[in-house]
Amino acid sequence: MSQKLKVVTIGGGSSYTPELLEGFLKRYHELPVSELWLVDVEDGQEKLDIIHALCQRMVEKAGVPMKVFKTLDRRQALQGADFVTTQLRVGQLDAREKDERIPLSHGYLGQETNGAAGLFKGLRTIPVIFDIIKDVQEICPDAWVINFTNPAGMVTEAVYRHTNFKRFIGVCNIPVGMKMFITDVLKLTEKDELSIDLFGLNHMVFLRDVLVNGESRFAELLDGVASGKLTANSVKNIFDLPFSEGLIRSLNLLPCSYLLYYFKQKEMLAIEMGEYYKGGARAQVVKKVEKQLFELYKDPDLNVKPKELELRGGAYYSDAACEVINAIYNDKQTEHYVNIPHHGHIDNIPADWAVEMTAILGRDGAKPHARITHFDEKVLGLIYTIKGFEVAASQAAISGEFNDVLLALNLSPLIHSDRDAEILARELILAHEKWLPNFSSTIEKLKQ
């Protein structure tokens, strides 16, 4: 690696960028980022300007020799990059609002990483990620791409299934939140060494063991969560419903909070329908939070990441990304929880799947943790179902074919009617016409 360390952040005008920069500033002594390039699209120019100015003030306050650049020219930014982080939202929050409201209008869950909404976020996002990868392969082929654009599992699956790019790692904040929760409830200090056995797919991970200084404390943790003494939800954007004691004890695993969408489908739908009938959707809450954040960010006296940023659902994303970059740059061989292909390391799933699991990271990227070679049979059916959905979704994103979208929708356990799948596919494709260039001939047919 060059001594000059250049990071390019695509989606640089995101409200999360100050947290990413804070992560780099905090680690400057071991991760000397000399250039941070913030890239965005024309629609994001105003946000990019505000974020860039705040980042410059933060760097100045920190007193480190880092330069922050802003540009709408991705290819210019990628020259000589060592790491590229992707945190983009194609169609911005207006597109997310359609993702949520259209399924809810037909009585289906609208959530940005699973079901119909997750599918359409994937259909808009995957082609853009592929374009970025094409540029990276041409301009800075040795760079690592660290993605935290949702749906991270679907995007990682698509990249490894449909491109030949190997330096791609998907990152999510859910495992980080789970780790912080464990640290908190087991009252661990910085001296304690915590290692977690985590496995599954993105937004569908399970904890099966927790080792503190080499000793398992999983039984104590599981008992606390099952009995309701401990609440295991560390995510701001999911309703805080506890899983039932019977479920936790019978699984003998700790599910992440996104599994509420599968184990408490009825309850989650009821809550979301209630919000929908009151005229609300999660996207509107996020819009409000964003608006407040950008008002704060504009303050010429603000030169730190404001506390209010943690109200967004993705707190700690950036910390996870900085840690991953740090581990690769310094060949740390440390434990992280990432989306990667397992290349046959797990003995009871297909060898070509991308999964989310505990991995060891160093100069050569991520290797699945030696302790985890087998996914728990009890939840394998659910994992297979969602992976089938992800594989079909990545195919649809590339083909732009109506039937491929239908297949993905029909394979999702959150859609319960083939007829409704057709209605949802039609409405969502037409609603997102602007952001689905791959679907131009399908859209023409739908309009006839």
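Okay, so let's go over this structure.

Parameters at a glance
- Residues numbered from 1 in each chain as written.
- Predicted model: local features only at pLDDT ≥ 70, side-chain atom pairs only at ≥ 80, totals over all residues.
- Heavy atoms only, no water.
- Helix = DSSP H or I, 4+ residues; strand = E, 2+ residues; numbered from the N terminus.
- Buried < 20%, exposed > 50% of the residue type's maximum accessible area, 1.4 Å probe, protein only.
- Polar contact = N/O pair within 3.5 Å; in protein donor to acceptor, adjacent residues only side chain to side chain.
- Contact = heavy atoms within 4.5 Å.
- Axes fitted to C-alpha atoms, helices over the stretch in contact; angles between N-to-C directions.
- Parallel < 35°, antiparallel > 145°, perpendicular 65-115°, else oblique.
- Left-handed = near helix turned anticlockwise from the far one by under 90°.
- Nonpolar A, V, L, I, M, F, W, Y, C, P; charged D, E, K, R; others polar.
- Pairing = 2+ DSSP bridges.
- Phe/Tyr/Trp six-rings, centres within 6.5 Å; stacked < 30°, edge-to-face > 60°.
- Right-handed = clockwise from strand over helix to strand, strands pointing away.

Things to note about the side chain of N348
Move 1: Summarising the element assignment, N348 is placed in the loop between β11 (334-341) and β12 (354-362).
Move 2: Under the relative-accessibility criterion, N348 is labelled buried at 14%.
Move 3: A distance of 2.8 Å separates a polar side-chain atom of N348 from the backbone oxygen of F375.
Move 4: In this structure N348 touches H374, F375, E377, L380 and Y384, once residues within four positions along its chain are discounted.

Notes on the packing of helix α1 (residues 17-26) against helix α2 (residues 45-62)
Move 1: Interaxial distance between α1 and α2 falls to 10 Å at its minimum, and their mutual angle equals 20°. On the basis of their axis angle, the class for α1 and α2 is roughly parallel. Considering only the axes of α1 and α2, their crossing is right-handed. Side by side, α1 and α2 meet where T17, P18, L21, E22 and L25 of the first sit next to I51, L54, C55, M58, V59 and A62 of the second.
Move 2: Grouping the constituent residues of the contact of α1 with α2 by class yields 9 nonpolar, 1 polar and 1 charged.

What to know about the sheet that holds strand β13 (residues 365-368)
Move 1: Pairing within the open sheet is mixed, and its 9 strands lie in the order β3-β2-β1-β4-β5-β6-β11-β12-β13. Taken across any chain shown, the strands that pair with only one partner, and hence form the sheet edges, are β3 (67-71) and β13. Taking each pair of neighbouring strands and ignoring which way they run, the sheet shows an average axis angle of 35°.
Move 2: The pairing of β11 with β12 spans 8 bridges and is antiparallel. Along β12, the bridge assignment pairs E335 with I360.
Move 3: Taken strand by strand, helix α6 (residues 152-162) contacts β5 (144-147), β6 (168-171), β11 and β12, and its axis lies near 170° from that of β6.

Concerning the packing of aromatic side chains
Move 1: Applying the stated criterion across every chain yields a total of 9 aromatic pairs.
Move 2: Between W37 and F69 the ring centres are 4.4 Å apart and the planes differ by 15°, which places this aromatic pair in the stacked class. With W37 in strand β2 (residues 33-39) and F69 in strand β3, this residue pair connects regions lying 32 residues apart in the sequence.
Move 3: A centroid spacing of 5.1 Å and a plane angle of 45° characterise the contact between F199 and F375, whose relative ring orientation is tilted. Of the two residues, F199 sits in strand β7 (residues 194-201) while F375 sits in the loop between β13 and α14 (380-399), which places them 176 residues apart along the sequence.
Move 4: Overall, F199 belongs to the buried group, its relative accessible area being 0%.

A word on the pairing of strand β1 (residues 5-10)
Residues in a regular strand project their side chains so that they alternate between the two faces of the sheet.
Move 1: For β1, the buried fraction is high: 6 of the 6 residues fall into the buried class.
Move 2: Because side chains alternate across β1, one face comprises the buried residues L5, V7 and T9, and the other comprises K6, V8 and I10, equally buried.
Move 3: Of the strand pairs in this sheet, β1 and β2 are connected by 6 bridges, and their pairing is parallel. Looking at β2, one finds that V8 is bridged to W37.
Move 4: Following the backbone out of β1, through α1 and into the adjacent parallel β2, one traces a crossover that is right-handed.
Move 5: When β1 meets strand β4 (residues 83-86), the two strands line up parallel, connected through 4 bridges. Paired with V7 across the bridge in β4 is F83.

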